[in-house]
Amino acid sequence: MEQTLSIIKPDAVERHLEDEIKQMFLEKGFKIVKEKKIQIEKTEAELFYQVHQTKPFYNDLCTYLSSGPIVVMIIEKENAIKENRNLMGATNPKDAEEGTIRKKYGISIDKNSVHGSDSVENAKKEIDFFFKD
Ligand code: UDP
Ligand code: MG
């Protein structure tokens, strides 16, 4: 079984979509192994999104991720990383396919409701980032 990190981002938590989004994971056969609702500091968001530090959207992205409560989850399934990316849909909700979380709930490229790890290496790092204790 593979594990990956999922985050329900501030725009979705604010709109009370937490349960609907978790239900979409469960319906696809994911198990939610661990979860917590937290709000992070901007400095933590900057560390989490360090891979994007040279991008023009980095500062706004970090301000946004730390702007309100988020739900971080370790989710598990066979091929979980890829399967989660499929379920999330394209980064820009406008390009996301029917049936994906971002198509259903995403507002814009920045307020796109969910995060998911993109590789085995990053899934490990991101799970450790939030759940190492
Ligand atoms: N993002 C943004 N503007 C862009 C590209 C990305 O605000 O032009 C944000 C968006 O919230 C995205 C996050 O930065 O989810 C990380 O970008 P990435 O390319 O890793 O997309 P993801 O892996 O989340 O689909
Ligand atoms: Mg990414």
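Residues numbered from 1 in each chain as written. Chains lettered and ligands numbered in written order. Predicted model: local features only at pLDDT ≥ 70, side-chain atom pairs only at ≥ 80, totals over all residues. Heavy atoms only, no water.

1. Some thoughts on the nonpolar core
Turning to step 1, where the next piece is worked out: Within the largest apolar cluster, 17 residues are counted, with the highest numbers of intra-cluster contacts made by I8, I21, F25 and I101.
Turning to step 2, where the next piece is worked out: Excluding its chain neighbours within four sequence positions, the residues that come into contact with I8 are V13, E18, I21, K22, I70, V71, M73, S113 and V114.
Turning to step 3, where the next piece is worked out: Core analysis: the second largest hydrophobic core is formed by 16 residues, I7, A45, Y49 and L65 among them. (Core = buried A, V, L, I, M, F, W, Y, C linked by side-chain atoms within 4.5 Å. Buried < 20%, exposed > 50% of the residue type's maximum accessible area, 1.4 Å probe, protein only. Contact = heavy atoms within 4.5 Å.)

2. A word on the environment of M88
Turning to step 1, where the next piece is worked out: With respect to the helices and strands, M88 occurs in helix α5 (residues 80–88).
Turning to step 2, where the next piece is worked out: On a C-alpha basis, the gap between M88 and G106 in space is 9.6 Å, while along the polypeptide they are 18 residues apart.
Turning to step 3, where the next piece is worked out: Leave out the neighbours within four places in its chain, and M88 touches T100, I101, R102, V114, H115 and G116. (Helix = DSSP H or I, 4+ residues; strand = E, 2+ residues; numbered from the N terminus.)

3. Quick word on α5
Turning to step 1, where the next piece is worked out: The set of residues buried in α5 consists of A80, I81, N84, L87 and M88. Within α5, the buried residues cover an arc of 130° as seen down the axis, which keeps them to one side.
Turning to step 2, where the next piece is worked out: Residues of α5 that are buried make contact with β1 (2–8), α2 (18–27), β3 (70–77), α6 (101–105), β4 (114–116) and α7 (120–131).
Turning to step 3, where the next piece is worked out: In the segment just after α5, G89 is the residue with positive phi, at about 85°. (Arc of directions from axis to C-beta.)

4. Looking at the side chain of E126
Turning to step 1, where the next piece is worked out: By secondary structure assignment, the location of E126 is in helix α7.
Turning to step 2, where the next piece is worked out: Buried and unpaired, E126 has R85 as its nearest opposite-charge partner, separated by 7.6 Å. (Lys, Arg positive; Asp, Glu negative; His and termini not counted. Salt bridge = Lys/Arg side-chain N within 4 Å of Asp/Glu carboxyl O.)

5. Concerning helix α4 (residues 58–65)
Since one α-helical turn is 3.6 residues long, residues separated by three or four positions face the same way.
Turning to step 1, where the next piece is worked out: For α4, every residue scored as buried is listed here: Y58, L61, C62, Y64 and L65. Looking straight down α4, one finds its buried side chains confined to an arc of 160°; they lie on one side.
Turning to step 2, where the next piece is worked out: Elements that come into contact with the buried residues of α4 comprise α1 (10–14), α3 (42–48) and β3.

6. A word on the packing of aromatic side chains
The way to describe two aromatic rings as a pair is by their centre distance and the angle between their planes.
Turning to step 1, where the next piece is worked out: Overall, the coordinates contain 5 aromatic pairs when judged by the stated rule.
Turning to step 2, where the next piece is worked out: For the ring pair F25 and F30, a centre distance of 5.6 Å and an interplane angle of 85° mean the geometry is edge-to-face.
Turning to step 3, where the next piece is worked out: The exposure class assigned to F30 is buried, which follows from its relative accessible area of 4%.
Turning to step 4, where the next piece is worked out: Judged by centre distance (5.1 Å) and plane angle (70°), the ring pair of F48 and Y49 falls under edge-to-face.
Turning to step 5, where the next piece is worked out: With relative accessibility at 6%, the residue Y49 sits in the buried group.
Turning to step 6, where the next piece is worked out: Taken together, the ring pairs in this structure connect F48, Y49, F129 and F130 into an aromatic cluster.
Turning to step 7, where the next piece is worked out: One cation-aromatic arrangement involves K77 over F30; the distance from NZ or CZ to the ring centre is 5.3 Å. (Phe/Tyr/Trp six-rings, centres within 6.5 Å; stacked < 30°, edge-to-face > 60°. Lys NZ or Arg CZ within 6 Å of the ring centre and 35° of its normal.)

7. Quick notes on the site of ligand 1
Turning to step 1, where the next piece is worked out: In the region of ligand 1, the neighbouring residues are K9, H52, F57, L61, R85, T91, R102, I109, D110 and N112.
Turning to step 2, where the next piece is worked out: The separation between an oxygen atom of ligand 1 and a polar side-chain atom of K9 is 3.0 Å.
Turning to step 3, where the next piece is worked out: Contact distances for ligand 1 include 2.9 Å between an oxygen atom and a side-chain N or O atom of N112.
Turning to step 4, where the next piece is worked out: Coverage of ligand 1 by the protein chains reaches 80% of its 500 Å² of free accessible surface.
Turning to step 5, where the next piece is worked out: Counted by class, the shell around ligand 1 contains 3 nonpolar, 3 polar and 4 charged residues. (Near = heavy atom within 4 Å. Polar contact = N/O pair within 3.5 Å; in protein donor to acceptor, adjacent residues only side chain to side chain. Areas by Shrake-Rupley, 256 points an atom, 1.4 Å probe, with all protein chains shown as cover. Nonpolar A, V, L, I, M, F, W, Y, C, P; charged D, E, K, R; others polar.)

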